[in-house]
Every structure is written in C-alpha cells, then in structure tokens.
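Observations on the model geometry
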Protein chains: 2
Amino acid sequence: MNANKIPDIIIGRLPIYLRALQRMADKGVQTTSSQELGERVGISAAQIRKDISQFGEFGKQGTGYRISFLIDKLREIMKIDRIWDVAVVGAGDMGHALARYPGFVNRGFRIAMVFDNDQSKVDQQIGEFVVQDTSSMSEAIKEAGIQVAMLTVPAAAAQEVTDMLIKAGVKAILNYAPISLSVPEDVRVQHIDPATHLQRMTYYL
Amino acid sequence: MNANKIPDIIIGRLPIYLRALQRMADKGVQTTSSQELGERVGISAAQIRKDISQFGEFGKQGTGYRISFLIDKLREIMKIDRIWDVAVVGAGDMGHALARYPGFVNRGFRIAMVFDNDQSKVDQQIGEFVVQDTSSMSEAIKEAGIQVAMLTVPAAAAQEVTDMLIKAGVKAILNYAPISLSVPEDVRVQHIDPATHLQRMTYYL
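For the structure given in this document, a descriptive report is provided here. Computed from a predicted model, the values in this text were never measured in an experiment. (Residues numbered from 1 in each chain as written. Chains lettered and ligands numbered in written order. Predicted model: local features only at pLDDT ≥ 70, side-chain atom pairs only at ≥ 80, totals over all residues. Heavy atoms only, no water.)

All right, on to the overall build of chain A then. A count of helical and extended segments in chain A gives eight helices and 11 strands. Considered along the principal axes of its C-alpha atoms, chain A spans approximately 60 × 40 × 35 Å. Burial statistics for chain A: of 205 residues in total, 50% are counted as buried. Looking at chain A alone, contacts between residues at least 24 apart form 55% of all its contacts between residues at least 6 apart. As displayed, chain A has an accessible area near 9500 Å², and 47% of this comes from carbon and sulfur atoms. (Helix = DSSP H or I, 4+ residues; strand = E, 2+ residues; numbered from the N terminus. Buried < 20%, exposed > 50% of the residue type's maximum accessible area, 1.4 Å probe, protein only. Contact = heavy atoms within 4.5 Å. Areas by Shrake-Rupley, 256 points an atom, 1.4 Å probe, with all protein chains shown as cover.)

The next point concerns the relation of the copies chain B and chain A. Overlaying chain B with chain A gives an RMSD of 0.0 Å, the required rotation being 180° about an axis along which the chain moves by 0.0 Å. Put plainly, the chains are arranged around a two-fold axis. In this assembly the copies share their binding face: 100% of the residues contributing to the interface of chain B also contribute to that of chain A. (Least-squares fit on C-alpha atoms with pLDDT ≥ 70 in both.)

Residues and elements named next belong to chain A. Here we have three strands laid out as an open sheet, ordered β1-β3-β2, and antiparallel in their pairing. The sheet is open, and its two borders are formed by β1 (31-32) and β2 (59-60), each paired with just one other strand. Here two bridges tie β2 to strand β3 (residues 64-66), and the two strands are oriented antiparallel to one another. Residue pairing for β3: G59 is matched across the bridge by Y65. (Pairing = 2+ DSSP bridges.)

Among all residues save glycine, negative phi is the norm, and among peptide bonds the norm is trans. Even without a glycine there, the phi angle at D123 of chain A is positive, about 75°. Inspection of the secondary structure assignment puts D123 of chain A in the loop between β5 (109-116) and β6 (125-126).

Attention now moves to the side chain of R19 of chain B. Mapping R19 of chain B onto the fold places it in helix α1 (residues 8-26). Polar contacts involving the side chain of R19 of chain B include one to the side chain of D193 of chain A, which spans 2.8 Å. Those residues within four positions of R19 of chain B in sequence are excluded, and the remaining contacts are P178, I179, S180, H191, D193 and T196 of chain A together with R107 of chain B. (Polar contact = N/O pair within 3.5 Å; in protein donor to acceptor, adjacent residues only side chain to side chain.)

Further remarks concern the pattern of salt bridges. One pass over the full model with this rule turns up 20 salt bridges over all chains. Among the salt bridges present, the one from R100 of chain B reaches D93 of chain A, with a minimum N-O distance of 2.6 Å. Remark: D93 of chain A occurs in helix α5 (residues 93-99) and R100 of chain B occurs in the loop between α5 (93-99) and β5 (109-116); the pair is interchain, linking two chains. Residue R100 of chain B is classed as partly exposed on the basis of its relative accessible area, which comes to 46%. Residue E76 of chain B is joined to K73 of chain B by a salt bridge in which the shortest nitrogen-to-oxygen separation is 3.9 Å. Placement of the pair is E76 of chain B and K73 of chain B together in helix α4 (residues 67-77), with a separation of three residues, close to one helical turn. (Salt bridge = Lys/Arg side-chain N within 4 Å of Asp/Glu carboxyl O.)

Moving on: the interface of chain B and chain A. With 59 residues of chain B at the interface, the matching set in chain A holds 59 residues. Note on chain B versus chain A: buried area summed over both sides is about 6100 Å², and carbon and sulfur give 64% of it. The largest contributions to the chain B side of the interface with chain A come from R200, Y203 and L205 of chain B, which together make up 13% of the buried area. The interface formed by chain B and chain A holds eight salt bridges in total. Counting every contact that joins chain B to chain A gives 22 residue pairs in polar contact (both at pLDDT 80 or more). Broken down by element, the side of chain B that touches chain A gets its largest block of residues, nine residues, from helix α8 (residues 194-202) of chain B. Here the side of chain B that touches chain A is built from residues that sort into 36 nonpolar, 11 polar and 12 charged. (Buried area = accessible area lost by both parts, 1.4 Å probe. Nonpolar A, V, L, I, M, F, W, Y, C, P; charged D, E, K, R; others polar.)

All names here are of chain A. Within the element layout of this structure, A46 appears in helix α3 (residues 45-53). On the accessibility criterion, A46 (45% relative accessible area) is partly exposed. Sequence separation between A46 and Q35 is 11 residues; the distance between their C-alpha atoms is 8.3 Å.

One turn of the α-helix equals 3.6 residues, which is why residues spaced by three or four share an orientation. The set of residues buried in α3 of chain A consists of A45, I48, D51 and I52 of chain A. Angularly, the buried residues of α3 of chain A cover 125° about the axis, an arc narrow enough to put them on a single face. (Arc of directions from axis to C-beta.)

Its 13 residues place the ends of helix α7 (residues 155-167) of chain A 19 Å apart at the C-alpha level, agreeing with the 18 Å of an ideal helix rising 1.5 Å per residue. What α7 of chain A keeps buried is the set A155, A158, V161, T162, L165 and I166 of chain A. In this structure, the buried residues of α7 of chain A make contact with β4 (84-89), α6 (137-144), β9 (148-151) and β10 (172-175) of chain A together with α1 of chain B. Just downstream of α7 of chain A, G169 of chain A is the residue with a positive phi angle, here 110°. (Expected span 1.5 Å × (residues − 1).)

All names here are of chain A. Neither face of β10 is left uncovered, since the one carrying A172 and L174 and the one carrying I173 and N175 both have all their residues buried. Looking at chain direction, β10 and strand β11 (residues 188-191) are connected through four bridges and run parallel. Following the sheet pairing, N175 is matched in β11 by H191.

Quick look at the structure:
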C-alpha cells in the first residue's frame, strides 16, 4: 500500500463510501454489499469492489462487508482515525457558516481557529470562536502545528494568504475562493466553488 | 457533439478552464496556450488540448487560444451563455452565505428564491431576498420554471425536499446536505460537503 500508487480518483471516492456507510451504521444496519452501497452512492458495484480491494481484503464473497469494520478501515486509510485541527481564514458569510457547521463532528476535523484581516471582524465572536487577526496567523498556526486550513477570503487575497499558510506549515487547503492556487507539490488543494458545480450540471439541461 | 458521448469527467473540467480563462481576461490577457492554462489549473497541456478539441477546433497551432473566443465557446457549451434562476432551500448559515454569495455574478446563475420550513425564518430578509415558506415551494418553482436548486437543509430532510423539487421540475441540484440523494436518471446532483473534501486530502498527509 503506497500513497503514490493509488490513483487520486480512487482516493476521492473513499469519503463518499464512508459517508454512506456511516449513515447506514447510524440506522443500525450491520452489513452491506457492494451492490447496495453502489445504489446509495451511484457508483457501480464492480467499481466499489475494485476500489476497496486496493487496500486489502475487507469483504467476504457472499456475506459482503461488515459496516463497522469497513468504516474503521476507511478512517484509518484516510487518516481520520484522529482529529485534525482546522484553521478557517476569512470570517465573512462563508467563514461564519463553516465555523458553525455541524457536519465535521465525528468526521475527523475540528475547527480550531478563525482569522480575518478586517479589524471590524477581529475579536468578534462566532459560535465558540473569537476571530483572530491574520497578522498573528502564521505564528498561531505554527505553534499549534495545524496542517489543514479552509480559505474563504476574496479571490484577490487568496494566493497571498495561501503563501502565508504554507510557510506556517499547512499542507492541505480547502479553497472557497473562486481562483486556482499555486502551491508546492507537497501541498494539496481542493476547491469548493458552487458556480463551477452548477456549471457542470447545466451542460446536461 | 452529443451530450451522451463526452465523458462527464471532461465536462467537469470545463468550469475549471473557464474560471482560469475569465481571470486572465479580467487582467487584460488576450491569448493563452494550453501550457499556460495547464500551469494555472494543474492539468497537463495535452489533457487540456484533448478536452477542448472534443467540442471543435478552438485554438491554432503556434498562436494558441484567443481567450475571449474560448470563453464564449465554453459558456455556450455549458449553457451558461444565459442566466439560470436558482432556488436555495434551507435558510440556515449556509443558505445565508449562498444567498449573499457574490461569486455567481457573470457565471450564469442568479439566486431567485430562498425557502425554509422554519416559521421563525419565513418572511425574514436575507440580503435582497425574503425567505418563503417551503409549503409554497413547489408552486413557486413550477410557476417560475426554475430548474436549478441548492439544498442546504439538514441531512434528515434532504431526500424529502429533493423529491418535492423534482416534482416541481428541478433538474439540477447542488446538495450541501451530507447525504447521497436518490434521483431519477434525468436529474443531476453535485455534492458540496467540506468534510469529504478534507478527508480526500488527509490521506496524503
């Protein structure tokens, strides 16, 4: 099992499987098949078997997958069998929504800090957080050893903030700014841009 | 050119190209190459040429792409050479952020309506919108001919609301609820779930 050998497209499907499995577990379901899982996530059973088998033999012919076991394995593979502290940079509407988003619980992440460079937002309370000044960001992130950040600053500021985050040790950035970021090879970026998601669908309308 | 023949993975890259091209145009750049575009979006030049050539001959050997022409073509292909009205269902933190999100301007979409079933939110003002009661949603969406919706309701309510939207004529749903939705074949769903995006990156940490 080598991080470099498994295609990123497969890695991208694992969180989808995990989400569906966790919902089944929440409902008290104990076992599932690649067919059933496939119907829930819209991916073929063959693809699911192939994806999961990249990491070992987690199911049994005929009896399928034990859900709790597969959840544990997937969490281990994705390294979310621990809690990652996350910094939110940008305390606008989206930063607010993320700081109070209930969907991170039990999924491997915890918002730890919220930053903004707007002095009218600094020291403001958002849920359980106090917005900190971006000028103290590098030091705070370094000190806390934070490797994961969510970026909700305007597009024009996104690259500059990204450079600061990377210097401070951040290795994974979830980017809400509608701009592609340049980062070194050892830093991962994922984009969340609702307009691109919508554009991808209107093609089919 | 047939919607069924071009792989969805290619369609998914077009909005990324468009976003980068639009930023170049905003800066006054007039032409680009697949190499330059590739560096900006982190996709190989060969892949970009191959993707774009699926739709016609939009570049010239040696001189590259005229940015404004390629932007027009991509907008036409993705059917965002028009404005799509969008309904937001769920007026919580995320619904608020979307209703006031500035990133849809000039990208083919306009928020037209915001709904919630929580009576304490109904009639509340969010930016330029008044939150409407979900009980009037089907009729309002049908009447306005809305085909695109963004779903920011809790996971437990998401499937029920989806069924209502589809009955009312919605064909494209951007789903912020952390749950996979069952929809008929002619309805497209895209998911935005920050936890899955983060999980996809921690694998590499």
